[in-house]
Amino acid sequence: MAKPKKHRTSAPDPPAAAARLPWQPQAPPVPTALLISLAALLVRVLVSVGPYSGQGAAPKFGDYEAQRHWMELTLHLPPTDWYRNTSDNDLAYWGLDYPPLSAYQSLLHGRIINASLPDAVALRSSRGYESTESKLLMRWTVLSSDLLVFFPAALWFVWAYLKGGIGITGEERREGWMWLLAMVLISPCLVLIDHGHFQYNCISLGLTLGAIAGVLSRNELIAAALFTLAINHKQMSLYFAPAFFSHLFGKCLKRKYPIVEVMKLAFMVLGTFALVWWPFLHSYEAALQVISRLAPFERGIYEDYVANFWCSTSVIIKWKRLFAIKPLKLMSLSATILAFLPSFVQQVKSPSNLGFLYSLMNSSFSFYLFSYQVHEKSILLPLLPASLLALKEPQMYGWFVYFALFSMYPLICRDQLLLQYIAALGLFFLIYYTPGGSHGKRLSISCGAKTVLSLPFLCSLLLHITYLQIEPPKRYPFLFDALIMFICFSQFVILTMYTNYKQWMLDTHSRSIGVKKDL
């Protein structure tokens, strides 16, 4: 591979030692990466000291109890009964509704907790079990999952991103990698949901991040296996599927033997699926029982208040009242496909690594905004590729993080995590605005546009206080929730239009400078 030509500037060229990649053994960044990782771990530990979802809120508690209950079920019942309603498995009480890999994770964690505190996962008698010891063990399972899956994936991505020089200059390679790693690891939304609210998004997102790093480092078969595992941990990982499919398919079409390349990827995906689903493939009914649990259409097109199209427009159009489930499914599917189609077509037509990162964000945003049964926590999916674009799009990422976190504000308040919310947001922007960070890149925005963009920010500041201090009208008890969701939805629409435009402009830019695609 030919070395890139040095740009002639008035400043002297950097020393040869400074041009080394961060992970080369003679350079100091390896211990720096370790320090950043330890800082990110400390933030997670501090957040985990606080309350969790449904703490002390009988009879169903919250997501913490759901995860504990799944450990109980998978530990004591055979796999054939995990997704089936039985006398020992009441599906109405936090029935397992994630794919098999998530169930295996629950089984592993259940065995670990059972070895130290069997009462916490005892069959039937452990419902609603809460104690200091069980909280400590449960929090530890999330921390260890984060360390084993998400952290290595983040380090691999930063290495692959810098090695490929994806849309960045030589100076950003030398100085921006620490900032990028911190942006990926210290994501306040992920930290608050996994280590505050209590979930294991770090596993599915970590597997996805590993798959992205695999694509960037040309390990595409490994990437296909990792992304298939991500889908089999949480079905919401399908939000990224159009981006992965279009990018890899577009690359295969431009190679010497496209059919062979496609078949290799297909065998890897099918083989991984078969391995994960093996206990449920003995009969059609068993597999169908699992699938039916993964698509709970009966819950409605949205649940609670989420900053997507269906919920934000429900103030004017009562979707649930006007339409049955079947037409709503069709409308949702059509809107989602139309939303990600431009990004999909661009990657099939002209695949590139930078375009792939934009496509991941555009695809996941399309599902968040228009798909069926979206939760407020699903904003974590478009946030992942946004963090990976932080060096390229720092202003966009900072703006997105703020409104993504604001969209979860009602959930955070219900979980009594307001202190953690303020601290995590403050810490993030303290790191974001560090001297030398890529936030210094300025977008050329007119004064009028800046004024328009500042209005939702000022409204959000006002709503932060109003939500806590003022009781909503009795006729409209969720008025403030709806206002928060509408403001965030408006910003998400602007962001997705911007990133779709940026992705399509890559073709024009590549033609103008004669860039050779990395296939």
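Residues numbered from 1 in each chain as written. Predicted model: local features only at pLDDT ≥ 70, side-chain atom pairs only at ≥ 80, totals over all residues. Heavy atoms only, no water.

Looking at an unreviewed UniProt entry, one finds the protein named Alpha-1,3-glucosyltransferase and attributed to Panicum hallii var. hallii. In its Subcellular location (unreviewed entry) section, UniProt records this for the protein: "Endoplasmic reticulum membrane". The protein has a UniProt comment under Pathway (unreviewed entry) that states "Protein modification; protein glycosylation." (UniProt positions renumbered as here; feature names shortened; annotations may be inferred.)

**Student:** Can you walk me through the overall build of the protein in this structure?
**Tutor:** Broken down by element type, the protein carries 22 helices and zero strands. Looking at the protein residue by residue over its 519 residues, the buried ones come to 53%. A separation of at least 24 residues holds for 78% of the contacts in the protein among residues at least 6 apart in sequence. Counting only carbon and sulfur atoms, one obtains 68% of the accessible surface of the protein, whose full area is about 24200 Å². (Helix = DSSP H or I, 4+ residues; strand = E, 2+ residues; numbered from the N terminus. Buried < 20%, exposed > 50% of the residue type's maximum accessible area, 1.4 Å probe, protein only. Contact = heavy atoms within 4.5 Å. Areas by Shrake-Rupley, 256 points an atom, 1.4 Å probe, with all protein chains shown as cover.)

**Student:** Help me understand the packing of aromatic side chains, please; the structure alone is not making it clear to me.
**Tutor:** Geometrically, a pair of aromatic rings is defined through the distance of the ring centres and the angle of the planes. Enumeration according to the criterion identifies 43 aromatic pairs in this entry. Geometrically, the ring pair formed by Trp-179 and Tyr-432 is tilted, given 5.8 Å between the ring centres and 45° between the ring planes. Remark: Tyr-432 occurs in helix α20 (residues 418-432) and Trp-179 occurs in helix α6 (residues 177-185); sequence separation between them is 253 residues. Here the two residues Trp-179 and Tyr-432 agree in accessibility, since each one is buried. A cation sits over an aromatic face here: Lys-320 above Tyr-302, 4.2 Å from the ring centre. (Phe/Tyr/Trp six-rings, centres within 6.5 Å; stacked < 30°, edge-to-face > 60°. Lys NZ or Arg CZ within 6 Å of the ring centre and 35° of its normal.)

**Student:** Is there a simple way to explain the pattern of salt bridges in this structure?
**Tutor:** Oppositely charged side chains are able to pair whenever their charged atoms sit close together. All chains considered together, the criterion is met by 13 salt bridges. Notably, a salt bridge pairs Arg-124 with Asp-88, separated by 2.1 Å at the nearest N-O pair. Taken as a pair, Arg-124 in the loop between α3 (100-116) and α4 (132-164) and Asp-88 in the loop between α2 (63-76) and α3 lie far apart in primary sequence, 36 residues in all. Lys-502 is paired through a salt bridge with Glu-393; the nearest N and O atoms lie 3.5 Å apart. Of the two residues, Lys-502 sits in helix α22 (residues 479-513) while Glu-393 sits in the loop between α17 (380-388) and α18 (394-407), which places them 109 residues apart along the sequence. Given a relative accessible area of 3%, Glu-393 falls into the buried group. The network of salt bridges with common partners includes Glu-220, Lys-251, Arg-255, Glu-261 and Lys-264. (Salt bridge = Lys/Arg side-chain N within 4 Å of Asp/Glu carboxyl O.)

**Student:** Got a minute to help me understand helix α15 (residues 325-349) in this structure?
**Tutor:** Side chains of residues three or four places apart in an α-helix project in the same direction, reflecting 3.6 residues per turn. Its 25 residues give α15 an end-to-end C-alpha distance of 35 Å, which sits within 8% of 36 Å, the value for a rise of 1.5 Å per residue. Where α15 bends most, the angle comes to about 45°, and this point is Leu-341, followed within four residues by the proline Pro-342. (Expected span 1.5 Å × (residues − 1). Bend = angle between axes of the 7 residues up to and from the residue.)

**Student:** Sorry if this is basic, but what is going on with unusual backbone geometry here?
**Tutor:** With the exception of glycine, most residues fall at negative phi, and the peptide bonds are largely trans. Here the residue pair Ala-58 and Pro-59 is connected by a cis peptide bond, since its omega of 10° sits within 30 degrees of zero. With respect to the helices, strands and loops of the structure, Pro-59 is situated in the loop between α1 (29-48) and α2. Unusually for a residue other than glycine, Gln-416 sits at a positive phi of about 60°. Mapping Gln-416 onto the fold places it in the loop between α19 (409-414) and α20.

**Student:** Can you help me understand the packing of α4 against α6 in this one?
**Tutor:** When two helices pack together, their arrangement is given by the angle between the helix axes and the distance between those axes. Here α4 crosses α6 at 145°, and the two axes come no closer than 10 Å. Note on packing geometry: the crossing formed by α4 with α6 is right-handed. Only Trp-177, Leu-180, Leu-181, Val-184 and Leu-185 of α6 make contact with α4, whose side of the interface consists of Phe-150, Phe-151, Ala-154, Leu-155, Phe-157, Val-158, Tyr-161 and Leu-162. Taken together, the residues of the contact of α4 with α6 sort by class into 13 nonpolar, no polar and no charged. (Axes fitted to C-alpha atoms, helices over the stretch in contact; angles between N-to-C directions. Left-handed = near helix turned anticlockwise from the far one by under 90°. Nonpolar A, V, L, I, M, F, W, Y, C, P; charged D, E, K, R; others polar.)

**Student:** Please explain α2 as it appears in this structure.
**Tutor:** Given a rise of 1.5 Å per residue, 14 residues ought to cover 20 Å, and the 20 Å separating the end C-alpha atoms of α2 matches this to within 8%. For α2, the buried fraction is high: 13 of the 14 residues fall into the buried class.

**Student:** Sorry if this is basic, but what is going on with the nonpolar core here?
**Tutor:** Within soluble globular proteins, side chains that are nonpolar tend to cluster in buried spots. Counting 144 residues, the largest nonpolar core has Phe-157, Phe-400 and Phe-492 as the members making the most contacts within it. The greatest single-element share of this core, amounting to 11 residues, is contributed by α4. Leave out the neighbours within four places in its chain, and Phe-492 touches Ala-307, Phe-365, Tyr-368, Leu-369, Ile-379, Phe-400, Phe-403, Ala-404 and Ser-407. (Core = buried A, V, L, I, M, F, W, Y, C linked by side-chain atoms within 4.5 Å.)

**Student:** Help me understand the environment of Asp-81, please; the structure alone is not making it clear to me.
**Tutor:** By the secondary structure assignment, Asp-81 is in the loop between α2 and α3. In the structure, Asp-81 is positioned 205 residues away from Ala-286 in sequence and 9.3 Å away in space, judged by C-alpha atoms. The contact partners of Asp-81, leaving out residues within four places of it in the chain, are Thr-86 and Asn-89.

**Student:** Honestly, a nonpolar patch on the surface in this entry has me stumped. Any pointers?
**Tutor:** Taken together, Leu-333, Ile-337, Leu-338, Leu-341, Val-345 and Trp-504 make up a surface patch of nonpolar side chains, about 520 Å² in accessible area. Counting residues per element, the nonpolar patch draws most heavily on α15, which supplies five residues. With respect to the helices, strands and loops of the structure, Ile-337 is situated in helix α15. Assessed through its relative accessible area of 36%, Ile-337 is described here as partly exposed. (Patch = residues over 30% accessible without salt bridge, like charges linked within 9 Å, V, L, I, M, F, W, Y side chains within 5 Å.)

**Student:** Help me out: how do you make sense of the packing of α2 against α3 in this one?
**Tutor:** Here α2 crosses α3 at 90°, and the two axes come no closer than 7 Å. Here α2 is positioned roughly perpendicular relative to α3, judged by the angle of their axes. In contact with Trp-70, Met-71, Thr-74 and Leu-75 of α2, α3 contributes Ala-103, Ser-106, Leu-107, His-109, Gly-110, Arg-111, Ile-113 and Asn-114. When grouped by side-chain class, the residues that make up the contact of α2 with α3 number six nonpolar, five polar and one charged. (Parallel < 35°, antiparallel > 145°, perpendicular 65-115°, else oblique.)

**Student:** I tried to follow the side chain of Asp-146 on my own but got confused; where do I start?
**Tutor:** Its place among the elements puts Asp-146 in helix α4. What makes Asp-146 buried here is its relative accessible area of 1%. Within the local environment of Asp-146, its side chain forms a polar contact with the side chain of Arg-44, the two groups lying 2.6 Å apart. Setting aside anything within four residues of it in sequence, one finds Asp-146 in contact with Arg-44, Phe-151, Pro-152, His-195 and Cys-202. (Polar contact = N/O pair within 3.5 Å; in protein donor to acceptor, adjacent residues only side chain to side chain.)

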